[in-house]
Amino acid sequence: MQVIVRDNNVEQAMRALKRKMQREGLFRELRERRAYEKPSERRVREKAQAVARQRKAARKKLQREGLLPAAKRRASAR
């Protein structure tokens, strides 16, 4: 992962790096690897994630087809 520092603005580069890491799911993976996870717990978690992915895909499909209203966009904090 690479971030370019422009005009010696390290704070902006750090924010960009953090955003990239968040999108990649790196923080979630680090939190999961912090402690041992039993195989049964892992299966349960992965199954729940798969169900959530399927629901999200179905919801997106219905939104594209016009059967559900589009998701509301959150206003930025800027």
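Residues numbered from 1 in each chain as written. Predicted model: local features only at pLDDT ≥ 70, side-chain atom pairs only at ≥ 80, totals over all residues. Heavy atoms only, no water.

Visitor: Which residues make up the pattern of salt bridges, and what values do they have?
Guide: The full count for this structure, using the stated rule, is four salt bridges. Across the pair arginine 45 and glutamate 32 runs a salt bridge whose closest N-O atoms are separated by 3.7 Å. Here glutamate 32 lies in helix α2 (residues 26–33) and arginine 45 lies in helix α3 (residues 39–65), a separation of 13 residues in the sequence. With a shortest N-O distance of 3.1 Å, glutamate 46 and arginine 42 are connected by a salt bridge. Note that glutamate 46 and arginine 42 are positioned in helix α3 at a spacing of four residues, about one turn of the helix. (Salt bridge = Lys/Arg side-chain N within 4 Å of Asp/Glu carboxyl O. Helix = DSSP H or I, 4+ residues; strand = E, 2+ residues; numbered from the N terminus.)

Visitor: Describe unusual backbone geometry, naming the residues involved and giving the relevant values.
Guide: Phi at aspartate 7 takes a positive value of approximately 50°, unusual for a residue other than glycine. On the basis of relative accessible area, aspartate 7 is assigned to the exposed category, the value being 78%. (Buried < 20%, exposed > 50% of the residue type's maximum accessible area, 1.4 Å probe, protein only.)

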